[in-house]
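Here are the chains, one letter per residue:
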Amino acid sequence: MSELAEHVTLSRVGYSVFILLVVAILLKSLISTWQSGKITVGEFDYYADGIKKAEFGEQIRAETFEFYNLIVRLIQKEAERTAFENNNPKEKEDENRSERLPAIRNDELAALSSKSGELQQLEITVQGVNIKNLFSALGGLVTPTPREVKASIFSGNNSRRVFVTAPPLRGKTDGPPTLISGGVESDTATAFRIACYMIWSQWDAANTERHDAVNFSEFCRVARLLYIRNTFDSLPSYEFQKQKFKDEIEFLKDAYQTAALARPTYNLIYSSLRGLERYVGDEKVTLTPTTTASIDSLVDLINFFSLQTERPRPRDQHGNWLKGLAPDITERRAIDRAYFQEQILPDCKQNPNDEDTIPGEVRIQFDNVVRILSEHDGQKIVRSGLIIADDTVITVGIYRHTQELELLSAASTDVQIVRCGKLLETHKTASVTPVSLAGGSPYLRLAVPGLKAKAPSPVLAADGDKPWKHTSLFVVGYLERSDGLFHDRRERRQTGIDNNDRLVFVAQDLPYWTSVGEDDDDAERFDLDIPMASGMIGSPIFTSEGKLAGLLGPGQYLGHMILGVGIAAKPIFAPAPAAH
């Protein structure tokens, strides 16, 4: 009897434990279903020449699940990389403009759930009742409508048409439109494209009514670029062989050509290409019917496009840059020169009958722009500067490795007026002093006895009249040598100084502030979309109304090219530090 009682007791305990286990699994499943943000991968129907292939649909469904999670990880990795590389603790204008490369972000991106959870695996029958079916029915009564992705794939003639129905966005009654995609080459490519669509469809930016809407095809192109870069970077160098990645190489060639010519609306395409030139830099793409260019020669230009992230840029000033290109281009400076040539004007018109595109209020200030010659380590150094009053010139100093502002030697510094290739005046400098206290700004004041202002003193742009609010800025300065604008920094420089004309650069600010020099002073800086070279430091920057917005500081390298960096003019008329 005691043995029977003990057996019954153990059976009851075991049964109770079983019931508790089932309830726990039920609760876990219900909680999982209730969690916001979960997306379930539903059924994928696959038809090959009209015949349903269930096993093919299941394979694509499984690959889609893996690609979704992989792309999300790559997105997060790219966001972390760009945030780290462009980290700038300072915030300008109450807005963090520190990220030079745009990161992919979507804080609302939903986690992906497989449909085979614990509840789906609970194939147990108790007294004729299937536990899974019972709990599934109960779950359907008490839980929300699942956010489920379904797909239908039709395969034929070595291509696939894909129809995807995605769940609605949070707070929306209707989901994004059904995707209709044709011409997908393989089942794996189909899974990748569906995963892209599942991620893209969750973005507010996927709303086609928004002006900044992200095109689905361009987003999927970015995802594939990140995937290829991750694949290539994970290989030992000796294992990378182009013949093993023919499809990827052709895709990259098309992406580089599109980036150089078509100007995609989704700017992340440009920055996603960064670094891939080390794998395909020698590959050629077609720019015009008569011109091919190596991918490496396009890198500076594409990196430049990646900086233009917040507002569209007018294309008319670069509309003819492809004309007159050589048949075969392998150097970046050839592309750089062709693209920027229409943005650079000589101060002196070669033909007096040519229309002057520079506003008169700006041109009147040009006569106050001077060339400054100084010496450093026995070599002549060229700077530009601006006369702000009789006997007074302003220019920009350079921070050396000691983080101290370099002061020019007055005894070896001359100020010259050069016009249309002719040296008109040379004046000796009496003194050179910093405009601001240490750490204030890099501006230098030169006392030049006998130098007379040639135009009215410049008016500073008001505090609220920021340079980046202007559609056009005009930068005026001298080059050390006429051929130095697109000089390859790996080549030996020619010595000597040209009596060249002043150059006028029609510029716009770039959307992001640079971090150049910000550890050395408190001056505000703004990036410009112009190339610069030796001699242009100190070149004044005027608004289209002729107001002084700032002067050029040391530029920043963008590949083999140097871009201009403006320093706001506000500190220029601050009182000079008292002499001790």
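Predicted model, so just to flag it, every value in this text is computed and none were measured.

How each quantity is defined
- Residue positions are counted from 1 within each chain, in the order its sequence is given.
- Reporting of local features is limited, given that this is a predicted model, to residues whose pLDDT is at least 70; pairs of side-chain atoms are given and counted only at 80 or more, and all residues count toward the totals for whole chains, interfaces and linings.
- Processing note: side-chain calculations cover all non-hydrogen atoms of the structure and skip hydrogens and water entirely.
- Counting from the N terminus, the helices are DSSP H or I runs at least four residues long and the strands are E runs at least two residues long.
- Each residue is assigned to one of three classes by its accessible area relative to the maximum for its type, calculated with a 1.4 Å probe on protein chains only: buried under 20%, partly exposed between the two thresholds, exposed over 50%.
- We call two residues contacting when some pair of their heavy atoms lies within 4.5 Å.
- Two strands qualify as a pair provided that DSSP identifies no fewer than 2 bridges between them.
- Note on aromatic pairs: the rings of Phe, Tyr and Trp (six-membered ring only in Trp) are paired at centre separations within 6.5 Å, and the planes decide the class, stacked below 30 degrees, edge-to-face beyond 60, tilted for the rest.
- Remark: a charge is flagged as sitting over a ring if the NZ atom of Lys or the CZ atom of Arg is within 6 Å of the ring centre and within 35 degrees of the ring normal.
- The salt bridge criterion pairs a side-chain nitrogen of Lys or Arg with a carboxyl oxygen of Asp or Glu, the two atoms within 4 Å.
- The term polar contact refers here to a pair of N or O atoms within 3.5 Å; inside protein, the definition further demands a hydrogen-donor-capable atom paired with an acceptor-capable atom, and it admits residues adjacent in sequence only when both atoms are side-chain atoms.
- By nonpolar core is meant a set of buried Ala, Val, Leu, Ile, Met, Phe, Trp, Tyr and Cys residues that side-chain atoms within 4.5 Å join together.
- On a scale of 0 to 100, pLDDT captures the predictor's confidence in every residue.
- When charges are counted, Lys and Arg contribute as positive and Asp and Glu as negative, whereas His and the chain ends are disregarded.

1. A short note on the overall build of the chain
If you tally the helices and strands in the chain, you get 11 helices and 25 strands. Here the chain holds 580 residues, and the buried ones make up 49% of them. The contacts of the chain with a sequence gap of at least 6 include a subset with a gap of at least 24, amounting to 67%.

2. Some thoughts on unusual backbone geometry
The phi dihedral of Asp49 is positive, around 55°, even though this residue is not glycine. Looking at the element boundaries, Asp49 is found in the loop between β1 (39-48) and β2 (51-52). The class for Asp49 is exposed, based on a relative accessible area of 68%. One non-glycine residue, Asp391, lies in the positive phi region at around 70°. Inspection of the secondary structure puts Asp391 in the loop between β14 (379-389) and β15 (392-396).

3. Comments concerning helix α10 (residues 332-340)
For α10, every residue scored as buried is listed here: Arg332, Ile335, Asp336, Ala338, Tyr339 and Phe340. Contacts made by the buried residues of α10 are with β9 (284-288), α9 (299-306), β11 (328-329), β12 (344-346), β22 (525-531) and β25 (561-568).

4. So, the sheet that holds strand β10 (residues 291-294)
One open sheet holds the 3 strands; their spatial order is β9-β10-β11, and the pairing between them is mixed. Across the chains shown, the open sheet's two edge strands, defined by having one partner strand only, are β9 and β11. Bridge analysis of β10 against β11 gives 2 bridges, and the strand direction is parallel. Bridged to Thr292 within β11 is Asp328.

5. Thoughts on the packing of aromatic side chains
Applying the stated criterion to the full structure yields 21 aromatic pairs. Here Tyr46 and Phe56 contribute two aromatic rings whose centre-to-centre distance is 5.3 Å and whose plane-to-plane angle is 85°, an arrangement assigned as edge-to-face. Taken together, the residues Tyr46 in strand β1 and Phe56 in helix α2 (residues 54-85) connect sequence positions 10 residues apart. With relative accessibility at 2%, the residue Tyr46 sits in the buried group. Taking the relative accessible area as the measure of exposure, Phe56 reaches 32% and is therefore partly exposed. Above the face of the Phe251 ring, Arg224 is positioned so that its terminal group lies 4.2 Å from the ring centre.

6. Structural notes on the pattern of salt bridges
Counted by the stated rule, this structure contains 23 salt bridges. Taken together, the shared-partner salt bridges connect Lys242, Glu250, Lys253, Asp282 and Glu283 into one network.

7. Comments concerning the side chain of Ser155
One can find Ser155 in strand β6 (residues 148-156). Using a relative accessible area of 16% as the deciding quantity, one classes Ser155 as buried. Engagement of the side chain of Ser155 in a polar contact is seen with the side chain of Tyr46, the distance being 3.4 Å. The contacts of Ser155, once residues within four sequence positions are left out, are Tyr46, Tyr47, Ala48, Asp49 and Arg160.

8. A short note on the nonpolar core
Core analysis: the largest hydrophobic core is formed by 120 residues, its most contacted members being Phe219 and Leu528. Contact partners of Leu528, with chain neighbours within four places excluded, come to Leu473, Val475, Ala507, Gln508, Asp509, Leu510, Ile541, Leu552, Leu563, Gly564 and Gly566. Among the nonpolar cores identified, the runner-up in size contains 13 residues, and Ile387, Val393, Leu408 and Val432 belong to it.

9. Concerning the environment of Leu373
With respect to the secondary-structure elements, Leu373 resides in strand β13 (residues 369-376). Here Leu373 falls in the buried class, since its relative accessible area comes to 9%. Counting along the chain gives 162 residues from Leu373 to Gly535, while the straight-line C-alpha distance between them is 9.3 Å.

10. Comments concerning the confidence of the model for the chain
In this model, the chain carries an average pLDDT of 76, and 67% of its residues clear a pLDDT of 70 or more. For the chain, per-element mean pLDDT is lowest for strand β4 (residues 125-126), which scores 42, and highest for β10, which scores 96. Here residues 29-37 is modelled with pLDDT under 50, and outside its nearest four sequence neighbours on either side it reaches 14 contacts, counting other chains as well. Residue range residues 114-132 is modelled with pLDDT below 50. Its contacts to residues more than four positions away, or to other chains, number 35 contacts.

11. What to know about the pairing of β10
Relative to β10, β9 runs antiparallel, the two being bridged by 4 bridges. The partner of Val285 across the bridge, within β10, is Ala293. The hairpin formed by β9 and β10 contains 2 residues between the paired strands.

12. Description of the environment of Ser294
Note on placement: Ser294 falls in strand β10. Residue classification places Ser294 among the buried residues on the basis of a relative accessible area of 4%. In contact with Ser294, not counting residues within four places along its chain, are Gly281, Glu283, Lys284, Ile329 and Thr330.

13. Observations concerning the side chain of Glu63
Tracing the backbone shows Glu63 in helix α2. Although Glu63 is buried, it makes no salt bridge; Arg160 carries the closest opposite charge, 9.8 Å away. The contact partners of Glu63, leaving out residues within four places of it in the chain, are Thr188 and Ala191.

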